[in-house]
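Each chain is listed here by its residues.
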Amino acid sequence: MFNFLKVWVLAVQDFYILTGQALRNIVRSPHYGDDIIVQMDSIGVGSISIVLLTGFFSGAIMALQMGRALAQYGQTGRTGMVVAIILVRELGPVLTAVVMAGRNSSGIASELGSMTVTEQIDAMRALGTDPIQKLVTPRLIATMIMLPCLTVIADFVGMVGGYIVAHLVYYITTAQYWQTSWQALEWNDVAQGLVKPFVFSFVVSLVGCYFGLRTTGGTQGVGRATTQAVVVASVLIFILTFFIGKVFVSQAPS
Amino acid sequence: MPAEDPPVIRFENVTVSFDGVPALKDVSFEVGKAQTRILLGAAGSGKTVILKTAMGLIRPESGRVFLFGQDITGLPEKELFAVRSKLGMLFQESALFDSLNIEQNVAYPLLNQKAVQCQPGEVRPRVKEALEFVELGQTLKKFPSELSGGMRRRAAIARAVVTKPPLLLYDSPTAGLDPITAYTIMALIIKERDLDNTTALVVTYRYQDGNLVANFRYNPDNGELAGAPAQTQPQTRFMVMQEGRLVFEGSQDELEASRDSYVQKFVRHTD
């Protein structure tokens, strides 16, 4: 029982140390600009298609279900408003981050895990490079930049998806949909919608790096690290979105 | 009279544990300049741990490690980089970077080890020289996945020697290779020793590897190995590890004369 707790406390401590070192390296030389660009391409540009698909269909589904529910109260015209609020505040950041965790936390964990078990990380240290500076910090910076951008894209595409459904299924006019959406959003929502992906970018990149770098046990260990990275990153995203949401709800004008 | 050179590697009562399980128990030894030390031992006996502890990749739980007379036991990672630039390491699985081609892999220490101070114009000629040393001059643009196991091992030797370090650490250089390729790799290790007069610590479980190193020299005239006359035999000593303990240290004759049943296994196994 206590051993189990000890393992968890140690894991959390190691994760914080990794986070601290990765953040400190942002301002320390050497800087690996090329690696940041490569990671932005791999993590960000490489994820655009799945982010577009999930964003579009989550907005479409929401419009479909909310339109029906609102019809009971004669408020179908407010579908755009509901889609915009839920997408920007919650669903856009969370779904994008979960998709990114599935694609990138796993990818990072398996790549770094393979490097660990084939002694490439040791070789890197032996050849004068700090693996955290070379591997972790560029992935963190790339995710910090790309995840908020992808979230904005997912939000917009989701609202387009919602508009298509609202227009074709519930015959809501273009002006009504976009006007109610626009009016519904406040700065608090936009801030919340941008703070969340920024926080999630730490989870997506660093959880993947953490499990990758502590991989043991050969190829089987790489598989285990990959699974753990996705599970932990996804769960953390849901836990954090609750707490960030709580902070913004308490700050919102009544 | 000049002061005597300090030992290149010195372990003082070094103990290393992983999650409470000891991997090295109270290990002490010294390797002098231009000596070759053959470290024999079964799988899991702690041979690789010794190498990684020697270069500061693993920190000892107790005891002290000296490299070139400098105590590296408590050095922070940044300061260890300078010490590590004085040694080359061949990892067991070669540990070439998958994402880089062979030229970039071999150039890596030249570009990343600050203490090496290699001018940009010198990088390519030195990489070519190192790859020609291991007879892989035509593979610059190939990726590690495109090479055979033996070629990868040779490319890794090129990466280890490209900075011309005075100390080389070889982790099971012949593991998993066929006898002909294994001989080629050992010949390269002997060639490097004889041409550059380097100190080396060679971890292996094959006695014949140690026998080659102890009794053969590289002949630059024909590029082959030749038996060394007794008076010019290289300074080679043997150590044997068993379950984290150093159970034997001595010359080849002493090793062959040992009556310890574990030590005898390594010598007899190859007859």
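Numbers given for residues are sequential positions, taken from 1 along each chain in its written order. Going through the entries in the order they are written, you letter the chains from A and number the ligands from 1. Where totals are concerned, whole chains, interfaces and linings use all residues; where local detail is concerned, this predicted model gives features only for residues with pLDDT of at least 70, and gives and counts side-chain atom pairs only at 80 or more. To get the side-chain values, all heavy atoms of the structure are used, and hydrogens and water are removed first.

(A) Up close: helix H4 (residues 79-117) of chain A. Of all bends in H4 of chain A, the biggest is about 60 degrees, found at leucine 87 of chain A. At the C-terminal side of H4 of chain A, glutamate 119 of chain A shows a positive phi close to 65 degrees. Throughout, bend refers to the angle between the axes fitted to the seven residues that end at a position and the seven residues that start at it. By the criteria applied, helices consist of DSSP H or I runs no shorter than four residues and strands consist of E runs no shorter than two, each listed in order from the N terminus.

(B) Quick peek at the pairing of strand E9 (residues 216-219) of chain B. All names here are of chain B. We call two strands paired when DSSP finds no fewer than two bridges between them. Here four bridges tie E9 to strand E10 (residues 224-227), and the two strands are oriented antiparallel to one another. Looking across to E10, one finds that arginine 217 is bridged to alanine 226. Between E9 and E10, which follow one another and run antiparallel, lie four residues, and glycine 223 among them has a positive phi close to 70 degrees.

(C) Fine view of the side chain of aspartate 189 of chain A. Residue and element names in this part refer to chain A. Within the secondary structure layout, aspartate 189 lies in helix H8 (residues 187-213). Only protein chains enter the accessibility calculation, which uses a 1.4 Å probe; a residue whose area is less than 20% of its type maximum is buried, one above 50% is exposed, and one in between is partly exposed. By relative accessible area, which is 2% here, aspartate 189 ends up buried. Reaching out from aspartate 189, the side chain makes a polar contact with the backbone nitrogen of glutamate 186 at a distance of 2.9 Å. Pairs of residues are marked as contacts when any of their non-hydrogen atoms sit within 4.5 Å. In contact with aspartate 189, not counting residues within four places along its chain, are Val88, Arg89 and Ala184. In protein, a polar contact requires one atom able to donate a hydrogen and another able to accept it; more generally it is a pair of N or O atoms within 3.5 Å, and residues adjacent in sequence count only if both atoms are side-chain atoms.

(D) Up close: the domain arrangement of chain B. All names here are of chain B. Segmentation of the chain into domains, including their bounds, is taken from an automatic or database domain assignment. For chain B, the assigned domains read domain 1 (1-86 + 166-271) and domain 2 (94-163). Once you take the C-alpha centre of each, domain 1 and domain 2 turn out to be 23 Å apart. Counting residues at the interface gives 14 residues for domain 1, matched by 14 residues for domain 2. Buried area is a sum: the accessible area each of two parts loses on coming together, probed at 1.4 Å, counted once for each and added. Summed over both partners, the interface of domain 1 with domain 2 buries about 1,100 Å², with 70% contributed by carbon and sulfur atoms. Interface area lost by domain 1 to domain 2 is led by Ser85, Ile185 and Leu188, which between them contribute 40%. Throughout this description, the term salt bridge denotes a Lys or Arg side-chain nitrogen within 4 Å of a carboxyl oxygen of Asp or Glu. Where domain 1 meets domain 2, there are zero salt bridges. Our count for the domain 1 to domain 2 interface comes out at four residue pairs in polar contact (both at pLDDT 80 or more). Each residue gets one of three labels, nonpolar for Ala, Val, Leu, Ile, Met, Phe, Trp, Tyr, Cys and Pro, charged for Asp, Glu, Lys and Arg, and polar for the others, Gly among them. Partitioned by chemical class, the residues of the side of domain 1 that touches domain 2 number seven nonpolar, four polar and three charged.

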